[in-house]
Every structure is written in C-alpha cells, then in structure tokens.
Amino acid sequence: MAKITASVYTSHVPAIGVAADLKKTGEDYWKPVFAGYDYSKEWQKENRPDIIILVYNDHTNNFDFSLIPTFALGMNHIFQPSDEGWGPRPVPAVEGDQKFASHLAHSVIEQGFDLTLCYEMEVDHGLTVPMTLMFGDVEKWPVKVIPLHVNVVQYPVPSGQRCYDLGRAIKKAVECYDEDLNVHIWGTGGMSHQLQGPRAGLINKEWDNRFLDDLIADPKELAEKPHVEYVREAGSEGIELVMWLIARAAMCEEGEEPVVKHRFYHVPASNTAVGHLILEAPEK
C-alpha cells in the first residue's frame, strides 16, 4: 500500500520566488533565508518520494473572488505556473498523477469532505515557491505533485479542526491505495504576517515558535485554536497556518510524535516570518 513517510512545512513568501528567479539568493538580505533550506535540499535527494500532496492556497490567481472553493484538488496531469501580474515564474510546469488524484478524491469525498475537483488549474507562488526552496533551480521538478488548495483568503475559511480532520481523511485515503508508493505531504503558508491595515508588518516570533512546538508535539490541541487567535497573534494572513494542520494530521497516528529532521525560523523575508520543518513518520 502507499504510505506517507514524511511531511514538510514551509512559508511561501512570493518575494522568495522573485529573489530566486533574479539570482539574488547570495545577497546579504536573502542569504540567511535560503541557507535555512540547504539541509532540506540534501534531505530531499536522499528521501525522494514518488508523489507529494502539496497543501497551499491560491492568491486569487487561479480562483478569484467570484469563485473560491474551500478545498480544491488538482486532477490534471500537468499544472502550469500562473501569471500573477508580471508573467508566470520561470519554473517548470508541475506534473500531476491523475490515477492517484482520482483515488484521493473518491476516498476523501466518501469520508465526508466535499472537494472541488479541478481538471484545469494553474498554480501560483503558494505552490511554486516551496518547490523552489526544496528543489532549487531545476529544468524539471523531480517528483509528481497533487495540488490541494485551501481557501484562507476569503471568509468564511475552514477551521483548524476541519483542516486537521481532512488530514486524517487523507492519511486513510493514501493507506488504502493499492500501489506501493512513498508519499510526502507538505503544508505551506505563514508564518505570522499582516499585509494591510494599521498592523501591517506584524511579526510575532514567540507565537510562531510556540506554534512549531505544538505542531510537533500536540497538533490535536493546536487544531482547537479559534480563527481569532491566529488573526490577533499572527496577523490577518497568519490564518494560512491552518494548512499545516492538514499535513501534520496526515503523517502519524494520533498520539505518535514524529522525528524532527530539520527546524528553521527566520525574520523577516519581505514582511513575513519564515518557518520551516521536516518531520518523518516514526519507525514501527
């Protein structure tokens, strides 16, 4: 059967993608950010999955305010980078897996989640920046990817508990797939940041690091945090962190603690706190 063996968590700051595309990764401002992923690139080479389920949010590029699904699964065999106003990022198209995506859709929907299924879909920096951070500048992405969009842009957005429960459903779906596949799941977005209003530029280091602690050791309790706490403590865009709960809930049985392979935190990148974790499932 297929199995989720690891999960990756990372911010997806658009300016990180711009810095990579313009070859600015060695500049004083950006060097510490990209250095935090040096280990991650080597880890991926030695722990290459067959498929990544990549949880992210579209930033009104593929979806706009006329139609924003709560959860949308990419069902195509190829996903092109979005034009986010200055042309698509110069990165490879993302290769999907329609058979595996179809299985996920059937299983998760049967478990009570009404996914939107997207047979035509582009992916923006929410997905491509994490790919760049983990794989670098490549001509072709070395793995297949199933995009899973979560609405954290337009209220109402899903609760942390709903995201956690979706992760549990994904775990069950993967483990009943009838091929022997190594699957990784990524949670992206965050950490603390606010892009507008009187608190624009807000970063909360203490809250972010406590979130990382709880994500590792007590995600079930973390899932109970209300939206208002994310907004109050981590800024209006800090709500993106609920997506990390999908990945965390999918990789371990409840009560199991994963193996922490890498942890990184840096402020700021643009006007955002950057957080990053690599967790492996415990050996049984």
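Note that the structure is predicted; figures quoted are calculated from it, not measured.

Enquirer: I'd like to hear about the overall build of the protein chain, residue by residue, with values.
Expert: A tally of helices and strands in the protein chain yields 10 helices and 10 strands. The C-alpha extent of the protein chain, read off along each of the three principal axes, is 50 × 40 × 40 Å. Within the protein chain, buried positions represent 56% of all 284 residues. Sequence separation of 24 or more characterises 82% of the internal contacts of the protein chain that already satisfy a separation of 6 or more.

Enquirer: An account of the state of the cysteines is needed here, citing residue identities and associated values.
Expert: A covalent bond between the sulfur atoms of two cysteines is what we call a disulfide. As enumerated under the stated definition, the model contains 0 disulfides in all. The structure places no disulfide on cysteine 163, whose sulfur is separated from the nearest cysteine sulfur, that of cysteine 118, by 17 Å. Cysteine cysteine 252 shares no disulfide, and the gap to the nearest cysteine sulfur, in cysteine 163, comes to 18 Å.

Enquirer: An account of the sheet that holds strand S8 (residues 182–188) is needed here, citing residue identities and associated values.
Expert: Pairing within the open sheet is mixed, and its 8 strands lie in the order S6-S3-S7-S2-S8-S1-S10-S9. Looking along the sheet, the strands with just one partner apiece sit at the ends: strand S6 (116–118) and strand S9 (259–269). Averaged over neighbouring strand pairs, the angle between their axes works out to 20° when direction is ignored. In the sheet, strand S2 (residues 51–56) pairs with S8 via 5 bridges, with the strands oriented parallel. Residue pairing in the sheet places leucine 54 in a bridge with tryptophan 186 of S8.

Enquirer: I'd love a proper account of a nonpolar patch on the surface, names of residues and values included.
Expert: Where nonpolar side chains cluster on the molecular surface, the patch consists of Val18, Leu22 and Trp86 and spans about 340 Å² of accessible area. Examined against the element boundaries, valine 18 turns out to sit in helix H1 (residues 14–21). Its relative accessible area of 36% is what places valine 18 among the partly exposed residues.

Enquirer: Which residues make up the nonpolar core, and what values go with them?
Expert: With 58 residues, the main nonpolar core has Phe100, Ile170, Val174, Ile185, Phe211 and Ile246 as its most contacted residues. Of the residues forming this core, the biggest block, 9 residues, is contributed by helix H10 (residues 242–251). Excluding residues that lie within four positions of it along the chain, isoleucine 246 makes contacts with Val55, Phe71, Leu148, Val150, Cys163, Leu166, Gly167, Ile170 and Ile185. One finds Val8, Val33, Tyr56 and Val143 within the second-largest nonpolar core, a separate group that totals 36 residues.

Enquirer: Just give me the short version of unusual backbone geometry, but keep the residues and values in it.
Expert: For residues besides glycine, phi is generally negative; the peptide bonds are generally trans as well. Of note, the bond from tyrosine 155 into proline 156 is cis; its omega dihedral lies within 30 degrees of zero at 5°. Following the sequence through the fold, proline 156 ends up in the loop between strand S7 (144–150) and helix H6 (160–175). Glycine 190 connects to methionine 191 through a cis peptide bond whose omega is 5°. Here methionine 191 lies in the loop between S8 and helix H7 (205–217).

Enquirer: Go over the packing of aromatic side chains, please, and point to the residues and values.
Expert: Scanning the entire structure with this criterion turns up 12 aromatic pairs. When the ring of tryptophan 207 is compared with that of phenylalanine 211, the centres are 5.7 Å apart and the planes differ by 25°; the resulting orientation is stacked. Taken together, the residues tryptophan 207 and phenylalanine 211, both in helix H7 and 4 residues apart, mark about one turn of the helix. Residue tryptophan 207 is classed as buried on the basis of its relative accessible area of 2%.

Enquirer: Please set out the side chain of glutamate 229 residue by residue, giving values where relevant.
Expert: Its location among the elements puts glutamate 229 in helix H9 (residues 227–234). In terms of polar contacts, glutamate 229 uses its side chain to reach the side chain of tryptophan 207, at 3.2 Å.

Enquirer: Hey, could you go over the environment of proline 219 for me, with residue numbers and the actual values?
Expert: Within the secondary structure, proline 219 is located in helix H8 (residues 219–222). Along the primary structure proline 219 and alanine 249 are separated by 30 residues, whereas in three dimensions their C-alpha atoms are 7.4 Å apart. Excluding its chain neighbours within four sequence positions, the residues that come into contact with proline 219 are Tyr164, Asp214, Leu245 and Arg248.

The rules behind each value
Residues numbered from 1 in each chain as written. Predicted model: local features only at pLDDT ≥ 70, side-chain atom pairs only at ≥ 80, totals over all residues. Heavy atoms only, no water. Helix = DSSP H or I, 4+ residues; strand = E, 2+ residues; numbered from the N terminus. Buried < 20%, exposed > 50% of the residue type's maximum accessible area, 1.4 Å probe, protein only. Contact = heavy atoms within 4.5 Å. Disulfide = S-S within 2.5 Å. Pairing = 2+ DSSP bridges. Axes fitted to C-alpha atoms, helices over the stretch in contact; angles between N-to-C directions. Patch = residues over 30% accessible without salt bridge, like charges linked within 9 Å, V, L, I, M, F, W, Y side chains within 5 Å. Areas by Shrake-Rupley, 256 points an atom, 1.4 Å probe, with all protein chains shown as cover. Salt bridge = Lys/Arg side-chain N within 4 Å of Asp/Glu carboxyl O. Core = buried A, V, L, I, M, F, W, Y, C linked by side-chain atoms within 4.5 Å. Phe/Tyr/Trp six-rings, centres within 6.5 Å; stacked < 30°, edge-to-face > 60°. Polar contact = N/O pair within 3.5 Å; in protein donor to acceptor, adjacent residues only side chain to side chain.

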